[in-house]
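Results of the structural survey
Listed below are the residues making up each chain.
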Amino acid sequence: MEKIQKIKNIITALGNHEDSKAAIDILTEIGTNSPDDEIRELTAQTLIRKNTHESLRVVLISKGKGINDLSARVAMTAINELLALKDKKEAIKILDDTIKMHSEEDVRNTARSVRALMTFSS
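Predicted model, so just to flag it, every value in this text is computed and none were measured.

A few words now on the overall build of the protein chain. Counting its regular elements, the protein chain contains seven helices and zero strands. Listing each helix as α and each strand as β along the protein chain from the N terminus yields α-α-α-α-α-α-α. The principal-axis extent of the C-alpha atoms belonging to the protein chain is close to 45 × 25 × 25 Å. Here the protein chain, with 122 residues, has 43% of them falling under the buried criterion. Of all intrachain contacts in the protein chain linking residues separated by at least 6 positions in sequence, the fraction that spans at least 24 positions is 58%. Of the roughly 6900 Å² of accessible surface on the protein chain, 54% is carried by carbon and sulfur atoms.

Direction vectors running N to C along helix α3 (residues 37–50) and helix α4 (residues 53–61) enclose 140 degrees, while the axes themselves pass 7 Å from each other. By the angle between their directions, the pair α3 and α4 is classed as oblique. When the axes of α3 and α4 are compared, the crossing they make is left-handed. Contacts from A44, L47, I48 and K50 in α3 reach S55, L56, V58 and V59 in α4.

Our next topic: helix α7 (residues 105–121). Compared with an ideal rise of 1.5 Å per residue, which puts 17 residues at 24 Å, α7 spans 24 Å between its outermost C-alpha atoms and is within 8% of the ideal. In this structure, the buried residues of α7 make contact with α4, α5 (72–84) and α6 (89–101).

Right, let's get into the nonpolar core. In terms of nonpolar packing, the biggest core is built from 28 residues, with L60, I67 and L82 touching the most fellow members. Leaving out residues up to four positions away in the same chain, L60 has contacts with I67, N68, L82, A91, I94, L95, T98 and V107.

One non-glycine residue, N51, lies in positive phi territory at about 55 degrees. Tracing the sequence through the fold places N51 in the loop between α3 and α4. We classify N51 as partly exposed; its relative accessible area is 23%.

Three or more residues of α4 are buried, namely S55, L56, V58, V59, L60 and I61. Looking at the packing, one finds that the buried side of α4 touches α2 (20–31), α3, α5, α6 and α7.

Another aspect to go through is the environment of K8. Within the secondary structure, K8 sits in helix α1 (residues 3–16). When the C-alpha atoms of K8 and T46 are compared, they prove to be 10 Å apart, with 38 residues separating the residues in sequence. Of note is the side chain of K8, whose polar atom sits 2.7 Å from the side chain of E38.

Calculation criteria
Residues numbered from 1 in each chain as written. Predicted model: local features only at pLDDT ≥ 70, side-chain atom pairs only at ≥ 80, totals over all residues. Heavy atoms only, no water. Helix = DSSP H or I, 4+ residues; strand = E, 2+ residues; numbered from the N terminus. Buried < 20%, exposed > 50% of the residue type's maximum accessible area, 1.4 Å probe, protein only. Contact = heavy atoms within 4.5 Å. Areas by Shrake-Rupley, 256 points an atom, 1.4 Å probe, with all protein chains shown as cover. Axes fitted to C-alpha atoms, helices over the stretch in contact; angles between N-to-C directions. Parallel < 35°, antiparallel > 145°, perpendicular 65-115°, else oblique. Left-handed = near helix turned anticlockwise from the far one by under 90°. Expected span 1.5 Å × (residues − 1). Core = buried A, V, L, I, M, F, W, Y, C linked by side-chain atoms within 4.5 Å. Polar contact = N/O pair within 3.5 Å; in protein donor to acceptor, adjacent residues only side chain to side chain.

Honestly, that's just the spatial picture; any functional story needs more than this.
If you want it as structure tokens, here you go:
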């Protein structure tokens with residue numbers, strides 16, 4: 001099995017792990033900080049699919065991660081994953097809070113755009 005497939009399996013396993021906090025911490029530290037776009041993309045998908053407050057915060061409010069990633073591929077994958085959520089309530093709540101309170105203007109603007117997309121997709 002090639003190296004990237006092993007990493008994908010680990011990320012997927014962390015997404016299913018029962019200890020959500022530890023799994024989110026590992027995904028945040030290692031996955032979202034990876035120099036590899038594919039790893040960051042898969043990590044963002046996994047965190048969004050967990051659909052918890054803690055996992056969504058990472059990909060919605062962190063500069064350089066998830067919807068705010070500098071790679072358009074990673075950011076678009078994260079946005080598409082958000083649009084695919086069945087229950088969007090928590091994501092919308094975090095986006096609303098980000099729009100109101102985040103210190104970085106570009107993060108607020110991205111949150112505003114994604115919030116609009118989520119509203120129209122529902």
